[in-house]
Amino acid sequence: MREEIVIEIKNIIKMPSNFILNFANINRVVKQFNHLVNLDGDNSKAYFNFADTNWFNAELTTFIGTLVSSLQQMDYTVYISKNINSRTKTILQKNGFLAMYKLGEKISDTYDSTIPYIVVKSEEIKQIDSYLEEIVIPKINYHMSSEKVEIINSALFEVIHNIKDHSQSDLVFMCGQYYHKNRKLVFAIADTGVTIPVNVQKNTNENFSDNESISWAVEKGNSTKNIPSSGLGLYDIKENLRGQGSLCIVSNFAYWEVQKSGKCSSRELAASYPGSLIIISFSLDDTSENNKYNLDRETDGLFF
Amino acid sequence: MERIVIKDIIKTDLAVTADKAQYLFQLLASKIKEENPVLIDFTDIRILTTAFLNIAIGELYRVEKSEILNKYISFDVNTMTNLQFSKIKMVMSNSKEKLSKRQEEEIEEVILHG
């Protein structure tokens, strides 16, 4: 990825001005991405334009990273416009995105709210664990119960493995952000492999839409793996987040989300996203919903 | 009764990968075959995923019936966290449900097709 003044208008992906996670923003960007890769003629260059992006949710760096990676896999040279909004540039410098693509130096994070952007091999369990244990969790300068930390760690590992199993992708893209004021941790994990809907449709005989495929995949016991006992990863995350946070899955044409309350909704993207993006938002406040783990282990016991 | 400390068996406190789960599954399956009762100990396991449990524990339902599994495999519930307990319970219930569904389908198939 290079820094360059934008000349060829047709090869530009223009970023939204208020780039928060919502359907409209994701839809707008994937539409432009697809338009660009389907252009006739010289398809060797692609430009990301952040000139008007006044606000950028740092965790969406993962989303941008997967688009950059997909374009590079298609032999595009990817550029970022020189007139990048200074606020957005700071975010991308703090989380190491610009440094990773040699677009600028990494700068320190004064507010200690940025979780670095990394691209790691999915089988590098130790590296992923070090990232979570040494960078992600200690950065929460806010008291959390050990149970809450365990839920967050466990959910992130479940997602990483789910992505690895579904996509057959070698690489996992990760990034996050602490929103101190709102007392929440938002974390995004993505890949550029086989999408969840394609995998579900291939392995079931159902004529699901892409969003129906996601709904199927997050239900208890539904799995595309040939292991009878599988099918709990996404379900477990969804259930653990009830009352604790929200989950959003973008994969192929699906934009699917479940709110903190447990309410699910979905919309179909106008163009396909070339991978799977899972964004988890954890509320850092301990809530009464935690009581579901207060099981009487002595009485209940564990029996086959 | 022999105590099987998972951390010592898989040589890590991260019970997350399929290969480690497969190793534990094979060990447990061999203990059942040898009719050697064991107590599973989760001490110091920091991260436990359903992907790991599906193979290490869930696949045992394909080896033997529940009553035989209960005879030879026990869990030390005091060595696990609430979340781990809840995950193991969920995996066992899911495996049992899926297996009985599969058996019903097989019986139905026999009845329909002879």
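Rules used in this analysis
- Residues numbered from 1 in each chain as written.
- Chains lettered and ligands numbered in written order.
- Predicted model: local features only at pLDDT ≥ 70, side-chain atom pairs only at ≥ 80, totals over all residues.
- Heavy atoms only, no water.
- Helix = DSSP H or I, 4+ residues; strand = E, 2+ residues; numbered from the N terminus.
- Buried < 20%, exposed > 50% of the residue type's maximum accessible area, 1.4 Å probe, protein only.
- Contact = heavy atoms within 4.5 Å.
- Areas by Shrake-Rupley, 256 points an atom, 1.4 Å probe, with all protein chains shown as cover.
- Arc of directions from axis to C-beta.
- Pairing = 2+ DSSP bridges.
- Axes fitted to C-alpha atoms, helices over the stretch in contact; angles between N-to-C directions.
- Salt bridge = Lys/Arg side-chain N within 4 Å of Asp/Glu carboxyl O.
- pLDDT = per-residue confidence, 0-100.
- Parallel < 35°, antiparallel > 145°, perpendicular 65-115°, else oblique.
- Buried area = accessible area lost by both parts, 1.4 Å probe.
- Polar contact = N/O pair within 3.5 Å; in protein donor to acceptor, adjacent residues only side chain to side chain.
- Phe/Tyr/Trp six-rings, centres within 6.5 Å; stacked < 30°, edge-to-face > 60°.
- Lys NZ or Arg CZ within 6 Å of the ring centre and 35° of its normal.

S.K.: What am I meant to see in the overall build of chain B here?
M.R.: Looking only at helices and strands, one finds five helices and five strands in chain B. Reading chain B from its N end, one meets helices and strands in the order β-α-β-α-β-β-α-α-β-α. Classification of the 114 residues of chain B by burial places 48% in the buried group. Put simply, of all contacts in chain B between residues at least 6 apart along the chain, 84% involve residues at least 24 apart. Working note: accessible area of chain B is about 5,800 Å², and carbon and sulfur atoms make up 50% of it.

S.K.: Is there a simple way to think about helix α5 (residues 125–136) of chain A in this case?
M.R.: Working note: α-helix, 3.6 residues per turn, so residues spaced by three or four point in the same direction. Residue and element names in this part refer to chain A. Those residues of α5 lying buried are Ile125, Ile128, Asp129, Tyr131, Leu132 and Val136. Looking straight down α5, one finds that the buried residues subtend no more than 155° of arc, so they occupy a single side. In α5, the exposed positions angled more than 90 degrees off the buried face are occupied by Lys126 and Glu134.

S.K.: Explain the sheet that holds strand β1 (residues 2–5) of chain B here, please?
M.R.: Residue and element names in this part refer to chain B. The strand order β1-β3-β5 describes an open sheet built from three strands, whose pairing is parallel. In the strand order of this sheet, the two ends are held by β1 and β5 (73–75), each with one partner. Each strand of the sheet is rotated relative to its neighbour by a mean of 30°, with strand direction disregarded. As defined by bridge partners, strand β3 (residues 38–41) adjoins β5 across three bridges and the pair is classed as parallel.

S.K.: Looking at this structure, how should I read the pattern of salt bridges?
M.R.: Opposite charge on two side chains allows them to pair when their charged atoms are near. Tallied over the entire structure, the rule returns ten salt bridges over all chains. With its nearest N and O atoms 3.3 Å apart, the salt bridge here joins A:Glu239 to A:Arg242. Two residues, B:Asp76 and B:Arg3, come together in a salt bridge whose shortest N-O distance is 2.9 Å. Of the two residues, B:Asp76 sits in the loop between β5 and α5 (82–113) while B:Arg3 sits in strand β1, which places them 73 residues apart along the sequence. Judged by its relative accessible area of 41%, B:Arg3 falls in the partly exposed class. The network of salt bridges with common partners includes A:Glu158, A:Asp236 and B:Lys87.

S.K.: I would appreciate a short explanation of the confidence of the model for chain B in the present structure.
M.R.: Where the model shows low pLDDT, its predicted coordinates should not be examined in detail. Put simply, chain B has an average pLDDT of 89, and 88% of its residues get 70 or more. For this predicted complex, the interface score ipTM comes out at 0.81, alongside a pTM of 0.86.

S.K.: Could you clarify how one ought to interpret the packing of helix α1 (residues 23–37) of chain A against helix α2 (residues 61–73) of chain A in this entry?
M.R.: Packed helices, taken two at a time, are described by their axes: the angle between them and the distance between them. Residues and elements named next belong to chain A. Look at α1 against α2: their axes get within 12 Å of each other, and the N-to-C directions meet at 10°. By the criterion of interaxial angle, the relationship of α1 to α2 is roughly parallel. Counted together, Ile26, Val29, Val30, Phe33, Leu36 and Val37 of α1 and Phe63, Leu67, Ser70 and Leu71 of α2 form the full contact between these two elements.

S.K.: Any chance you could explain the interface of chain B and chain A here in plain terms?
M.R.: The accessible area lost on association of the parts is a frequent measure of interface size. The partner chain A presents 34 residues to the 44 residues of chain B that form the contact. By the criterion of area lost to chain A, the three top residues of chain B are B:Asn82, B:Leu83 and B:Phe85, representing 19% of everything that side buries. For the interface between chain B and chain A, the tally reads two salt bridges. The tally of links between chain B and chain A comes to seven residue pairs in polar contact (both at pLDDT 80 or more). Secondary-structure elements contributing two or more residues to the side of chain B that touches chain A are β4 (47–48), α3 (50–56), α4 (66–72), β5 and α5 of chain B. No other element matches the 18 residues that α5(B) contributes to the side of chain B that touches chain A.

S.K.: What is the right way to look at the packing of aromatic side chains in this model?
M.R.: Any aromatic ring pair is given by two values, namely how distant the centres are and how the planes are angled relative to each other. Residue and element names in this part refer to chain A. A complete count under the given rule lists 13 aromatic pairs over all chains for this structure. Plain terms: the ring middles of Phe50 and Phe56 are 5.9 Å apart, the flat faces sit at 85° to each other, and that makes the pair edge-to-face. With respect to class, Phe50 is no different from Phe56; both count as buried. Here the aromatic residues Phe19, Phe50, Phe56, Phe63 and Tyr273 are joined through ring pairs into a cluster of three or more. Over the aromatic face of Tyr179 sits the side chain of Lys184, whose NZ or CZ is 5.5 Å from the ring centroid.

S.K.: Before we go on, may I ask you to explain the sheet that holds strand β10 (residues 245–258) of chain A in this structure?
M.R.: Within a sheet, each strand pairs with its neighbour through backbone hydrogen bonds, oriented either parallel or antiparallel. Residue and element names in this part refer to chain A. Read from one edge of the open sheet, five strands run β7-β8-β9-β11-β10, paired in antiparallel fashion. A single partner strand is all that each edge strand has here, and the edge strands are β7 (114–121) and β10. The sheet shows a mean angle of 20° between the axes of neighbouring strands, taken without regard to direction. Of the strand pairs in this sheet, β10 and strand β11 (residues 264–283) are connected by 13 bridges, and their pairing is antiparallel. Considered in β11, the bridge of Val250 is made with Leu277. Along the sheet face, α1 touches β10 and β11 and points at about 140° away from the line of β11.

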